[in-house]
Amino acid sequence: MTNIVSPSILSADFANLEHDIKRVEDAGAQWLHIDVMDGHFVPNITIGVPVVASIRKITKLCLDVHLMIENPEKYIEPFANAGADILTFHYEAAKDVTELIKLIKSYNVKVGMSIKPKTPYDVVLPYLNDLNLVLVMTVEPGFGGQKFMADCAEKIPLIKEKAHKDLIIQVDGGINAETARICTSFGANSLVAGNYIYKSDDIASAVKSLF
Ligand code: DX5
Ligand code: ZN
């Protein structure tokens, strides 16, 4: 089965974003991973609503928006209106998970929930039936280019075992061809990769190595 590859533009050249998006699109990536960071939930600040709206105009790729922000409920409407196809919030930032899932679905956007490395896998179990995607972080969120934490990947089969058949299990952080194989063997089917793709000499081959 083909994996869903979601290149993270965090590692792209922000001055040449359209070009860098087209390169992964041409290589066959199905999604585009957009890391939104607020300087509070994580110590870094990255991309906001206007950038997502501009990206929407230049690509048909599925916009996979990873919200690493506090008070995510405040920003669901603006990101949905900007053209996000998937909104993934962090369990650790949600005040009321059930309400947040409902809110995201009310905009006809697919809903994902992410867990940080130190968060136990079982927090996702009560919500699995309502989620389209679970994102298992394999680094501490905040920065690209960090080392894959293998023990985090062990959460994947535990989630997979309880999941409905359409649940997408995504991994993010330190993914390359080798770590991707570890994650897919555990049951992940969506792979986020930033540095591995964008810092490669051959972006197309890097994308293709993850299918
Ligand atoms: C990290 C972000 C990732 C990041 C991954 O907090 O969520 O999406 O871009 O970068 P790499 O693939 O370089 O670890
Ligand atoms: Zn991410």
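Given the structure is predicted, the values throughout are model-derived calculations rather than measurements.

Helix and strand counts for the protein chain come out as nine helices and eight strands. Since a compact globule built from 211 residues should have a radius of gyration of about 17 Å, the 16 Å found for the protein chain is in line with a globular shape. Along the first, second and third principal axes, the C-alpha set of the protein chain runs to 40 × 35 × 30 Å. Taken across its 211 residues, the protein chain has 52% of its residues classed as buried.

With distances of 2.0 to 2.3 Å, the protein atoms coordinating the zinc ion (ligand 2) are His-33 (NE2), Asp-35 (OD), His-66 (ND1) and Asp-172 (OD). One can describe the site at the zinc ion (ligand 2) as octahedral: its six donor atoms subtend angles covering 71 to 169° at the metal. As a motif over one chain, the donors of the zinc ion (ligand 2) read H-x1-D-x30-H-x105-D. With His-33 in strand β2 (residues 31–37) and Asp-172 in strand β7 (residues 168–172), this pair connects stretches of sequence that are 139 residues apart. On the basis of relative accessibility, which here comes to 9%, the residue Asp-172 falls in the buried class.

Turning to the site of ligand 1, a few remarks are in order. Of all residues adjacent to ligand 1, which total 20 residues, the nearest are Ser-8, Asp-35, Gly-142, Asp-172 and Gly-194. Within the side chain of Asp-35, one N or O atom sits 2.8 Å away from an oxygen atom of ligand 1. Note that an oxygen atom of ligand 1 is positioned 2.7 Å from one of the side-chain N or O atoms of Asp-172. When isolated, ligand 1 has an accessible area of 380 Å², and the protein chains bury 99% of it. Residue assignment for the shell around ligand 1 shows that the elements contributing at least two residues are β2, β3 (62–68) and β8 (190–193). The residue makeup of the shell around ligand 1, split by class, is eight nonpolar, 10 polar and two charged.

Turning our attention to the sheet that holds strand β4 (residues 86–90). Across the sheet, eight strands lie side by side as β1-β8-β7-β6-β5-β4-β3-β2; this open sheet has parallel pairing. A single partner strand is all that each edge strand has here, and the edge strands are β1 (4–7) and β2. Along the sheet, successive strands turn relative to each other by an average axial angle of 20°, direction set aside. In terms of strand pairing, β3 meets β4 through three bridges, oriented parallel. By the bridge assignment, Asp-64 is partnered in β4 with Ile-86.

Mapped onto the elements of the fold, His-90 is located in strand β4. Engagement of the side chain of His-90 in a polar contact is seen with the side chain of Glu-92, the distance being 2.9 Å. There is a polar contact of 3.3 Å between the side chain of His-90 and the side chain of Ser-114. Setting aside chain neighbours within four positions, we find His-90 in contact with Phe-41, His-66, Leu-67, Met-68, Ser-114, Ile-115, Lys-116, Met-137 and Pro-141.

Across all of its chains, the model carries seven salt bridges by this definition. With a closest N to O distance of 3.3 Å, Asp-20 and Arg-23 form a salt bridge. With Asp-20 and Arg-23 both in helix α1 (residues 17–26), this residue pair falls three residues apart, about one helical turn. Overall, Arg-23 belongs to the partly exposed group, its relative accessible area being 36%. In this structure, Asp-166 engages Lys-165 in a salt bridge whose closest nitrogen and oxygen atoms are separated by 3.3 Å. The same class applies to Asp-166 and to Lys-165, which are both exposed.

Conventions and cut-offs
- Residues numbered from 1 in each chain as written.
- Chains lettered and ligands numbered in written order.
- Predicted model: local features only at pLDDT ≥ 70, side-chain atom pairs only at ≥ 80, totals over all residues.
- Heavy atoms only, no water.
- Helix = DSSP H or I, 4+ residues; strand = E, 2+ residues; numbered from the N terminus.
- Rg over C-alpha atoms; globule rule 2.2 N^0.38 Å.
- Buried < 20%, exposed > 50% of the residue type's maximum accessible area, 1.4 Å probe, protein only.
- Donors = N, O, S within 2.8 Å, 3.2 Å for Na, K, Ca; no water.
- Tetrahedral: all angles 85-135°; square planar, octahedral: opposite > 155°, others 65-115°.
- Near = heavy atom within 4 Å.
- Polar contact = N/O pair within 3.5 Å; in protein donor to acceptor, adjacent residues only side chain to side chain.
- Areas by Shrake-Rupley, 256 points an atom, 1.4 Å probe, with all protein chains shown as cover.
- Nonpolar A, V, L, I, M, F, W, Y, C, P; charged D, E, K, R; others polar.
- Pairing = 2+ DSSP bridges.
- Axes fitted to C-alpha atoms, helices over the stretch in contact; angles between N-to-C directions.
- Contact = heavy atoms within 4.5 Å.
- Salt bridge = Lys/Arg side-chain N within 4 Å of Asp/Glu carboxyl O.

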